[in-house]
Amino acid sequence: MSIEKPDNERLALYNRFKSSLAPHSGDEEFFDADDLVIIIDQAVDLNDEYVEIEAIMRGYRFFPDNEELKARRAFLYYDLNLDEGVDNMRADMSAESPLTEILTMRRMEETADRATFLRMLNGIVDAPGLLDDETIIQLVDCASACGCYDWLKTNEKKLRTKTDYLPTLLYELFIVADMQHDREYSLKLLDELTELEPFNIDFWNALAQLQAMPETDSNGNITAEADLEASLTATDYALAIDSENIQALTLKASILLQQGNAAGSVAILEPLAGKMPDPAGCGIYVRALYETGRIDEAMNRIVSYCKQFIDSRDLLGTALAMDAPGLPELLEAHYLAVEKQHEDPAGEWAEWARAYYRDARLREAIMLMDVLRSRELLDYQTFKLYVSALYCLGRYTDCIDCFEEVIEKTPELLMPNVVIAGMMSYLRSGDKRAARSAMKRLAGHFPITIKDDWTLASNLESIGMSHFVSAIQSTLDAPGPIDIDELDIFRFPTPPSPQQ
């Protein structure tokens, strides 16, 4: 989010440069050094890395000695983790430039102590002269990254005297305060920003978004509820500035949904239904449709949106919660879409499944684990949860299939969960003959070695399983019907509420 609404001149310059990059655009248009600095900063505001890099390289080509362009190139190298490029640029930049000192601090993040950082920060703000916007932005970000967030708050008054455009400083302080979950300070900064620039819609949207979120402590526990009424007021101010602003419309629809006004939420988002620009609005609209009783429409929309934003986990989570049609195909497509985005995609996916399991959302957990199982990527720990979830949901045939597959193909994966879920599923199927046959094949693999790291409870687990298997054997040997509930020791616990 940019800190200011791009004025027509800045935006026109940026668009002109971007157009000049297109193939067959004619002769290369000339932009002077000042133009390129504006274009680079505008591209950063708009998250356009392509234009940012092209403008920086154009500056290097035509104005290699320009200090402002050098600094932007140096910080680009830093963002790209090109350490050698950073060091070369730093050596070529003016030693008196505060940006050179800030760049030096960034290179020392992992090695220098706090006292060194505080000395360098104080040196920058105690030097004569004002700091331009780019220096303020880099200074605040650097101080936070170097563990000196408290220094920023302590020196806020001094920093105010160093900037020629106060909103830049306040907004950058808000960004790091929000990262630190410092809600009170964040709200103070945003309140001042909306007073300084009451027609800046970005500030009103940021304020509304913060007010709509509950306050939490460092452990994620809610310490204060969201102020939805204040947030609603802030969104109304934003919409008074721009009645078609997507972010404000989406946030207002979300607040109305939280307040139980699903119909109001639908009314806001319905005109945008076919052209939702991001997954957040899609999810809110679908949930609002569902709560107003338009179930079929909600189902069709969530499937369509999941296909449109195939890499959105939040949308897929909504589809899972709704038990939308075609979930296996959507899950498969999502896994393929994000597989290359993670260093350990199977591990990320397994953790997502385990989170559902911990929340007692066993159906969703199983569907996620099915994707890993189809790829033979279901690790040992997750497989234990998988068979437990299958059994708890009464999917006894699936439990038997898992049990048989392990006995026949991977007996090294035999574990208490698989054994108990498999044998109990045989008993619940009412086929004592099949259960006796499975027991004989299982006995051929005793003693079973627990695959987990050994802990104080490992022997207890092994002994407990042996006693349980003996109880099953005794039940199978006894005449008459089986009292399954007498044997079934497993119950899925009720998960704790988020506020406990």
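Structural data are supplied above this passage.
In this text the structure is predicted, and so the values were computed from the model without any measurement.

About the criteria used
- Residues numbered from 1 in each chain as written.
- Predicted model: local features only at pLDDT ≥ 70, side-chain atom pairs only at ≥ 80, totals over all residues.
- Heavy atoms only, no water.
- Helix = DSSP H or I, 4+ residues; strand = E, 2+ residues; numbered from the N terminus.
- Buried < 20%, exposed > 50% of the residue type's maximum accessible area, 1.4 Å probe, protein only.
- Contact = heavy atoms within 4.5 Å.
- Areas by Shrake-Rupley, 256 points an atom, 1.4 Å probe, with all protein chains shown as cover.
- Expected span 1.5 Å × (residues − 1).
- Arc of directions from axis to C-beta.
- Polar contact = N/O pair within 3.5 Å; in protein donor to acceptor, adjacent residues only side chain to side chain.
- Phe/Tyr/Trp six-rings, centres within 6.5 Å; stacked < 30°, edge-to-face > 60°.
- Lys NZ or Arg CZ within 6 Å of the ring centre and 35° of its normal.
- Axes fitted to C-alpha atoms, helices over the stretch in contact; angles between N-to-C directions.
- Parallel < 35°, antiparallel > 145°, perpendicular 65-115°, else oblique.
- Left-handed = near helix turned anticlockwise from the far one by under 90°.
- Nonpolar A, V, L, I, M, F, W, Y, C, P; charged D, E, K, R; others polar.

Draft legend 1. Fine view of the overall build of the chain. Counting its regular elements, the chain contains 28 helices and two strands. Counting only residues that meet the buried cut, the chain has 45% of its 500 residues in that class. Pairs at least 24 apart in sequence give 57% of the contacts found in the chain among residues at least 6 apart. Of the roughly 25800 Å² of accessible surface on the chain, a fraction of 51% belongs to carbon and sulfur atoms.

Draft legend 2. Spotlight on helix α14 (residues 228-241). The first and last C-alpha atoms of α14 sit 20 Å apart over 14 residues, in line with the 20 Å expected at 1.5 Å per residue. Along α14, the residues classified as buried are Leu 228, Ser 231, Leu 232, Ala 234, Thr 235, Ala 238 and Leu 239. Viewed end-on, α14 has its buried residues packed into an arc of 160°, placing them on one side of the element. Residues of α14 that are exposed and point more than 90 degrees away from the buried face comprise Glu 229 and Ala 240. Lining the buried residues of α14 we find α13 (201-211) and α15 (246-258).

Draft legend 3. Representation of the side chain of Thr 135 within the structure. Along the chain, the position of Thr 135 falls in helix α8 (residues 133-145). Thr 135 sits in the buried class, given a relative accessible area of 4%. At 2.7 Å, the side chain of Thr 135 and the side chain of Asp 132 are in polar contact. Excluding residues that lie within four positions of it along the chain, Thr 135 makes contacts with Pro 98, Leu 99 and Ile 102.

Draft legend 4. Spotlight on the packing of aromatic side chains. Tallying each qualifying case throughout the model produces 12 aromatic pairs. Ring centres of Trp 204 and Tyr 237 lie 4.5 Å apart, and the angle between their planes is 15°; on these two criteria the pair is classed as stacked. Placement of Trp 204 in helix α13 and of Tyr 237 in helix α14 is noted, with a sequence separation of 33 residues between them. In this structure Trp 204 comes out as buried when scored by relative accessible area, which is 12%. Judged by centre distance (6.2 Å) and plane angle (80°), the ring pair of Phe 403 and Tyr 426 falls under edge-to-face. Of this pair, Phe 403 sits in helix α24 (residues 396-409) while Tyr 426 sits in helix α25 (residues 416-429), and the two are 23 residues apart along the sequence. For the pair Phe 403 and Tyr 426, a shared accessibility class is recorded, and that class is buried. Aromatic rings pair up to connect Tyr 335, Trp 349, Trp 352 and Tyr 356 into one cluster. The ring of Tyr 185 has Lys 153 sitting right over it, with the charged end atom 4.8 Å from the ring centre.

Draft legend 5. How the structure looks around the packing of α8 against helix α11 (residues 166-179). Between α8 and α11, the least distance of the axes is 9 Å, while the angle of their chain directions is 20°. One element, α8, and the other, α11, form an angle in the roughly parallel class. Between α8 and α11 lies a crossing whose hand is right-handed. Contacts between α8 and α11 pair Asp 133, Ile 136, Ile 137, Val 140 and Ser 144 from the former with Thr 168, Leu 169, Glu 172, Leu 173 and Val 176 from the latter. Partitioned by chemical class, the residues of the contact of α8 with α11 number six nonpolar, two polar and two charged.

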